[in-house]
Amino acid sequence: MLFLIYWELNEEIDAISRLQAAEKLAAAELFPPKNVDVIRFDSTPDLWGMTLVEASNVEDVSNVVNMWRIACPGIFKKTKISPARPVQESMASIAELIKKLAADTHT
């Protein structure tokens, strides 16, 4: 299952601390995570970004964010995690619901 993780870094945490956290996680073999396939890991110049992952359960996905919080307390200003799917699939599901609801109202 795909999950989208949106994150905003805390400007109060300096770049050196963030890099040290990444080194800690790599040394502990926590990042990249074992049970999570990181498809995209993107950031912007404004210190926000997104990580697109594939995983079989929410715990493993939650731990992607939690490991960074533990390695560098206060690193995030905000995070959001949600299951995701391609827009084409979503639109097909919505079209099917609309079709079923339209049929029910005309009977």
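Described in the following lines is the structure provided in the data block. If you're wondering where the values come from, they're calculated on a predicted model, not measured in any experiment.

Let's talk about helix α2 (residues 58–71)
The α-helix winds at 3.6 residues per turn, so residues separated by three or four positions along the chain end up facing the same way. Look at α2: 20 Å from first C-alpha to last across 14 residues, which is about the 20 Å you get at 1.5 Å a residue. Remark: the principal bend of α2, roughly 30 degrees, maps to Val-64. Taken as a whole, α2 has its buried residues at Asp-60, Val-61, Val-64, Val-65, Met-67, Trp-68 and Ala-71. On its buried face, α2 sits against β1 (2–9), α1 (15–27), β2 (36–43), β3 (48–55) and β4 (76–84). Structurally, the start of α2 carries an N-cap: the backbone nitrogen of Glu-59 is 3.2 Å from a side-chain oxygen of Asn-57.

Some points on the packing of aromatic side chains
Counted under the stated rule, the structure contains four aromatic pairs. Measuring from centroid to centroid gives 5.3 Å for Phe-31 and Phe-41, while their planes differ by 50 degrees, and the two rings are tilted. Of this pair, Phe-31 sits in the loop between α1 and β2 while Phe-41 sits in strand β2, placing them 10 residues apart in sequence. Among the residues examined, Phe-31 registers a relative accessible area of 18% and is labelled buried. Its relative accessible area of 42% is what places Phe-41 among the partly exposed residues. When the ring of Phe-31 is compared with that of Trp-68, the centres are 5.5 Å apart and the planes differ by 70 degrees; the resulting orientation is edge-to-face. Highlighted residues: Phe-31 in the loop between α1 and β2 and Trp-68 in helix α2, separated in sequence by 37 residues. Accessibility assignment for this pair places Phe-31 and Trp-68 in one class, buried. Joined through ring pairs, the aromatic side chains of Trp-7, Phe-31, Phe-41 and Trp-68 make up one cluster.

So, how was this worked out
- Residues numbered from 1 in each chain as written.
- Predicted model: local features only at pLDDT ≥ 70, side-chain atom pairs only at ≥ 80, totals over all residues.
- Heavy atoms only, no water.
- Helix = DSSP H or I, 4+ residues; strand = E, 2+ residues; numbered from the N terminus.
- Expected span 1.5 Å × (residues − 1).
- Bend = angle between axes of the 7 residues up to and from the residue.
- Buried < 20%, exposed > 50% of the residue type's maximum accessible area, 1.4 Å probe, protein only.
- Contact = heavy atoms within 4.5 Å.
- Polar contact = N/O pair within 3.5 Å; in protein donor to acceptor, adjacent residues only side chain to side chain.
- Phe/Tyr/Trp six-rings, centres within 6.5 Å; stacked < 30°, edge-to-face > 60°.

Limitation: the analysis is restricted to geometry and does not speak to function.
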